[in-house]
Every structure is written in C-alpha cells, then in structure tokens.
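Survey of secondary and tertiary structure
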Amino acid sequence: MSYLGVESSLTGRRWVGPGAEVARQAEAMVQASGLPLPLCLVLARLGVPVAEVDGYLAPKLRDLLPDPRTLRDMEAAAARLLRAVARRERIAVFADYDVDGGASAALLLDWLAQLGREATLYIPDRIDEGYGPNVPAMAALARDHDLIVCVDCGTLSHEPVAAAVGADVVVLDHHLGGETLPDCVAVVNPNRQDEDGALGHLCAAGVVFLMLVECGRQMRAAGQAGPDLMSLLDLVALATVADVAPLRGVNRALVRQGLAVMARRDRPGLVALSDVARLDTAPTAYHLGYVLGPRVNAGGRIGQADLGARLLAARDRHSADAMAERLDKLNTERREVEEAVRAAAIAQAEERGLEAPLVWAAGEGWHPGVVGIVASRLKEMTNRPAVVIGLDGDEGKGSGRSVAGVDLGASIQRLAAEGLLLRGGGHKMAAGLTVARDRLEPAMARLSDLLARQGAGVGGAADLRLDGMLMPGAATTELCERVELAGPFGAGAPGPRFAIADAQIGFAKKVGSGHLKLSISDGLGAKLDAICFGAFDSPLGAALSEHQGQRFHLAGRLDINEWNGRRTVQLRLEDAAPV
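Here's a quick rundown of the structure. (Residues numbered from 1 in each chain as written. Predicted model: local features only at pLDDT ≥ 70, side-chain atom pairs only at ≥ 80, totals over all residues. Heavy atoms only, no water.)

Of all hydrophobic cores here, the largest spans 128 residues; its most connected members are Leu43, Trp111, Leu172, Met211, Leu544 and Leu554. When residues of this core are assigned to their parent elements, the largest contribution, 10 residues, is made by helix H9 (residues 204–221). Once residues within four sequence positions are removed from consideration, Leu172 is found in contact with Ala77, Val149, Cys150, Val151, Asp152, Cys153, Val188, Val207, Val208 and Met211. Residues Leu391, Leu420, Met444 and Leu450 belong to the second largest nonpolar core, which totals 23 residues. (Core = buried A, V, L, I, M, F, W, Y, C linked by side-chain atoms within 4.5 Å. Buried < 20%, exposed > 50% of the residue type's maximum accessible area, 1.4 Å probe, protein only. Helix = DSSP H or I, 4+ residues; strand = E, 2+ residues; numbered from the N terminus. Contact = heavy atoms within 4.5 Å.)

What follows is the structure in structure tokens.
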C-alpha cells in the first residue's frame, strides 16, 4: 500500500512508508528511551534492537574493532612488513587506481613515514595495464625491491605474483578469492574462500588498518612504540564510504571516528582537496562519497593513475595544493565524459527495458574510466544491478554496481569460470569484467539469470522509501542533530527521508543552474525552507514553481544549512505529489 496515497508522484514514483513491524518497534523504542519518534523510526528501520540503542548512538571503536588475527595470514603479513622496516629493506606498494586503493597505499606510506621509512608507490594505468598486478610491472618491481605489498588487488593474480622473482609479496585485499591463492608470504583477505565471511564487509583500507593494528601489537610485544593509528582513520573513512562498503558494525565506527579526525584538518592532501571543492563545513559521509571521493578517483579514471594516492599521502601543503587543483580539473573533465556516456547508456537501457533483473548497456568507445559511475547511476535509477561496458575492437571492458542483497561479484566470477567472460571479479556491490564482443549478449543473459535467482528485479524500480511523516514545525536543528546520531548514513544504512504532508508553498524561486528554492508551511504558521537540486531537469521544477495555490505532499531529507554563523533546517526536496 502506498504512503499518503501516492501511487505515482510527479517523478512517477510510488511512495512506501515504514512497515507495521518497524512502526511497532519504533513506538516501543520511544516508550523505552524517550527519544523522538523520527529518530526511533530510523533506528527501527536499521534493525537496531531497543536494548542496544544507547550503544548504537555512541559507537566505540574499541568495542567493535575485531581481533586482526581472526583473518588468516595476518600475523605473517605484519611480521614481514616489520622485518622489512627493521632491516631497512626496499619496499614497494602496488595499489589499485580507485579511492580504496589510493587510501590503502596512503595508509602504508603514512605509517612508514612515521617510522622514518619510505616506499615506492606503483599504480597501474587503467587503460594501458588494467586492474591489478601484471607480469611486467611485478617483475620490474621485484628487481629493485625486497618486499612488494599489493593493496586492494592481488588475490587472483597468480601469474603476476609468481613473476616477482627475488622479492617477497604480501597481498592485502577484499575482492572475492578463487579456489587457489597466489604463492606468496601472505594473502590477507576476508573474502578468501577459506574465511567465514564475518569481516567480508571491510574495504581494502579496513584490511590494511587491521594489519597495522597487528603491527602495533607485535611492536608493543617487542617493547617498541608504534605510529599513531588513530590519525590514519580519516583515510579509512574515505575509502569505506567511497568503495560503497556497508556502514554497519565496525565500518560505521571507523567512518564515524574517521570523520572526527578529518574535521581536525591535519592531513594536507584532504585539506587541499576540501578547499578546492569549497567544502566549508565539517565533513560528512555524503562529502566523502560525492565531493572528495570523485576527485580522488579522477586521476585513475581519466588522468594520472597515481595522483589521488600521492595527494592522500602528501606531507606538505604546497605539493598537496597543486595535486588537488589538478584532480579538480580532471574531475570536471570526467563529468563531461561521463555525461555523454550516461545519456547514451540510459537511452539504450530504456530501449532494452528497465524491469529485468539486470540493467545493462554497451557502447563503442565508451571510456573505461567512467563506465563504473554510469553503472552506479543506472542502478540508482532502476533499483537493479547494472553493468555498463565500453567496446573496443574485439573486447569490451565494463563495470557493474549492485543493490543490497544481491552479490554481483560472485556472479561475475562464476561467469568467468563458465567461459562467458575473459576476466571478471569484484565484491558484492561492485565488479569489473572483460568480455569478448561476440559473447556479450549471452554473457549478459546468463548474468541476468544468476542475479534473478538472488532476488534482483523483485522490488519496484520506482519506489521511494520514507521513514515517516513530519510537520514543518517539528523540523528543528535539535531534531536533525539527534537523527544524525543514527549515522553516518550510506551503503547498507540509507539516510533518513521524511514526508511533509499537505504542504502549502509560499515562495518558489529558480536559483543557480536549474535548482528551485522554496518556502513551505503547514497553513498554521510553521514554515520550513526547502531546496530542490536539479528541479528543472524533472517535472518538479515547473509543477512547484507554477503551483497556483495547489498543495503538495513533499518528500526529502532534512539537513542543517549554515550561513553567516546561522544554522537553519532545510528540506532537500526529492519528490512531490499533488494533494
């Protein structure tokens, strides 16, 4: 049954409110805790038991951080790195070109710098070398280094690891493992087939951080003081959010603490990037995923592959400023490339149909650096797993994004094992693949079948999920701050979204490039400001700006707007329906 009777809103979506069980749990939570109902509705939707509310609202990393030794090979990996530090061996870090890889590399470089050591950073070019270790690069690194640490890659790299003759190799990864592992000193990966999966939600930076915790334990046992690990949590937070790891359990605690570290503005690279992005408030998970993350990624997508990692590891502000400016420009170029691919991919996917378990598109010459972002846009638009592929010659290279409860990485890996893909792998929420042009259609058909068996395509593509209803007068800064305690929000823990019922529009003005600023009221004197970004790219702009006294149900997210020292609440409007 639709919420507030909205079966088809102005954007064509059906509104879905909290289920009966969530509503019952929220009411019980209000009675037991005295917390406001909107917060309790969010906590109930997230599955927080009444007895655990206090601990959830104030998570402590020391209570949630797992013992690193629960992961196989962890002690060996840490011991080998410490031996390299003690003997002043030559260390190389081989990292993936995305935010998780760059942050993982920066974690190691920063940790080593605190011990007075350096390491060579190597990040492969996305187009010329592709993902992960390759034979020529590993062989070359092995000639000049004693230890190679592969981060956010390497679990399936049997041949490249074997090519590192004369050097030891340690792999710190989180991508799905195969039946066998590379022959090396250690493969620390919560998604190895012989792990129980309890820590499978960690991104690579989370795995690296756990190894550094284990290094600290071994150093203390030897009577040595180790680097300050808490100062590294800003990098872990950035990677966790940008890699779409679910913000549950230890991930949530890592991100929450990491945001606090980031707010201190101690890391030159993140300060420079925040300034170039004009981020003038304390960072939130939203900023990590949509402001900072894309800029760090821009180098690996369409520019210099190692630029993001070098920025995150920068020790002085001058060099950080130059790299941040370059990444900001590359991010602007990336947006332009992405927009062209996005428009073509959406048109193709719509022609194929958006109701199937898998939404996919493939195009000639689509830049491999943006197909993942476009896949994410398709997934968000359809509430289905999406794959976007750029074709070049006899092959296509693509990237996919999944929805909660559907393991895309395992399905991609199965396709590769069945011979329908040339290569493929990833994790539950994201995966990469290479497919022969003449196998494209059968591969996508098979992938759609595998995803359907996991329940993909069951939910309505047009459902807008709401946590409940608010009156404009109830939307206070105090309520916003209390609801934020249930965060940070992101993958696996969607942010709160509320409805304002039967709202009267008193003021509507187009601002910026197609946005709409509004003032709304309940007709009884209580008012609330609202902003609808990109309103005029949808039916919302015209309908709300030319309302002619029509009342609307409104849906969106509350946030606090800070301007000239004043803090006011505004509704970030996402949808509307005439009353």
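Strands sit in the order E7-E8-E9-E11-E10 across an open sheet of five strands; the sheet is mixed. This sheet does not close on itself; its edge strands, each paired only once, are strand E7 (359–364) and strand E10 (423–426). The sheet shows a mean angle of 15 degrees between the axes of neighbouring strands, direction not considered. Bridge count between E10 and strand E11 (residues 430–436): four bridges; the pairing is antiparallel. Residue pairing in the sheet places Gly425 in a bridge with Gly432 of E11. Packing of helix H17 (residues 408–417) onto the sheet brings it into contact with strand E9 (395–401), E10 and E11, and relative to E10 it is tilted by some 160 degrees. On top of the sheet, helix H18 (residues 440–452) reaches E7, strand E8 (386–392) and E11; it is set at about 170 degrees to E8, its chief contact. (Pairing = 2+ DSSP bridges. Axes fitted to C-alpha atoms, helices over the stretch in contact; angles between N-to-C directions.)

Moving on to the pairing of E8. In terms of burial, E8 is a largely internal element, six of the seven residues being buried. Pairing of E7 with E8, which is carried by six bridges, proceeds in the parallel orientation. Considered in E8, the bridge of Val359 is made with Ala386. Remark: the E7/helix H16 (residues 371–382)/E8 crossover connection has right-handed handedness. As defined by bridge partners, E8 adjoins E9 across seven bridges and the pair is classed as antiparallel. Paired with Gly390 across the two strands is Lys397, which belongs to E9. Linking E8 to E9, which pair antiparallel, is a turn of two residues; within it Gly393 sits at a positive phi near 70 degrees. (Right-handed = clockwise from strand over helix to strand, strands pointing away.)

Take unusual backbone geometry next. Excluding glycine, residues mostly have negative phi values, and the peptide bonds linking residues are mostly trans. Following Gly487, the chain continues into Pro488 via a peptide bond in cis, with omega recorded as 5 degrees. Its location among the elements puts Pro488 in the loop between helix H19 (477–484) and strand E14 (498–511). Backbone geometry at Leu4 places phi at a positive 55 degrees, although glycine is not the residue there. Even without a glycine there, the phi angle at Asp73 is positive, about 70 degrees. Turning to its location among the elements, Asp73 is positioned in the loop between helix H4 (61–64) and helix H5 (74–86).

In a regular helix each residue adds 1.5 Å, so 18 residues correspond to 26 Å; H9 covers 26 Å between its end C-alpha atoms and thus fits that length. Counting buried positions along H9 yields 15 of 18 residues, so the element is predominantly enclosed. Taken from the residues just after H9, Gly223 is the one with a positive phi, measuring 80 degrees. (Expected span 1.5 Å × (residues − 1).)

On to the pattern of salt bridges. Here the structure, examined in full by the defined rule, presents 41 salt bridges. Between Arg217 and Asp67 there is a salt bridge, and its shortest N-O distance comes to 3.2 Å. Linking Arg217 in helix H9 with Asp67 in the loop between H4 and H5, this pair joins segments that are 150 residues apart in sequence. Here Asp194 and Arg72 are joined by a salt bridge, their closest N and O atoms 3.7 Å apart. One end of the pair, Asp194, is in the loop between strand E6 (186–188) and H9; the other, Arg72, is in the loop between H4 and H5, and 122 residues separate them in sequence. A residue is classified by how much of its surface remains accessible, and Arg72, at 42% relative accessible area, is partly exposed. What emerges from the salt-bridge pattern is a single network uniting Asp67, Arg69, Glu75, Glu214 and Arg217. (Salt bridge = Lys/Arg side-chain N within 4 Å of Asp/Glu carboxyl O.)

Okay, the side chain of Asp110 next. Position of Asp110 relative to the elements: it lies in helix H6 (residues 99–114). On the basis of relative accessible area, Asp110 is assigned to the buried category, the value being 10%.

Along the polypeptide, Lys517 turns up in strand E15 (residues 515–521). We classify Lys517 as partly exposed; its relative accessible area is 31%. For the pair formed by Lys517 and Glu484, sequence separation is 33 residues and the distance between their alpha carbons is 24 Å. Excluding residues that lie within four positions of it along the chain, Lys517 makes contacts with Phe507, Ala508, Lys509, Val511, Ala530 and Ile531.

With that settled, the discussion passes to the environment of Arg482. Considering the arrangement of structural elements, one finds Arg482 in helix H19. Taking the C-alpha atoms as reference, Arg482 lies 7.0 Å from Leu39; in sequence the two are 443 residues apart. Those residues in contact with Arg482 that sit more than four places away from it in its chain are Leu35, Pro36 and Leu39.

Okay, the sheet that holds strand E5 (residues 168–172) next. In spatial order, the strands read E3-E2-E4-E5-E6; together these five strands make up an open sheet with parallel pairing. Bordering the open sheet on either side are strand E3 (120–122) and E6, each of which pairs with just one other strand. Geometrically, the sheet is characterised by an average inter-axis angle of 15 degrees between neighbouring strands, direction not taken into account. As paired strands, E5 and E6 are joined by three bridges and run parallel to one another. Each bridged residue has a counterpart across the sheet, and for Val171 the counterpart in E6 is Val187. Sheet contacts for H5: strand E2 (91–95), strand E4 (147–151), E5 and E6; angle to E5, the most-contacted strand, approximately 130 degrees. Packed on one face of the sheet, H6 meets E2, E3 and E4 and runs near 160 degrees to E2.

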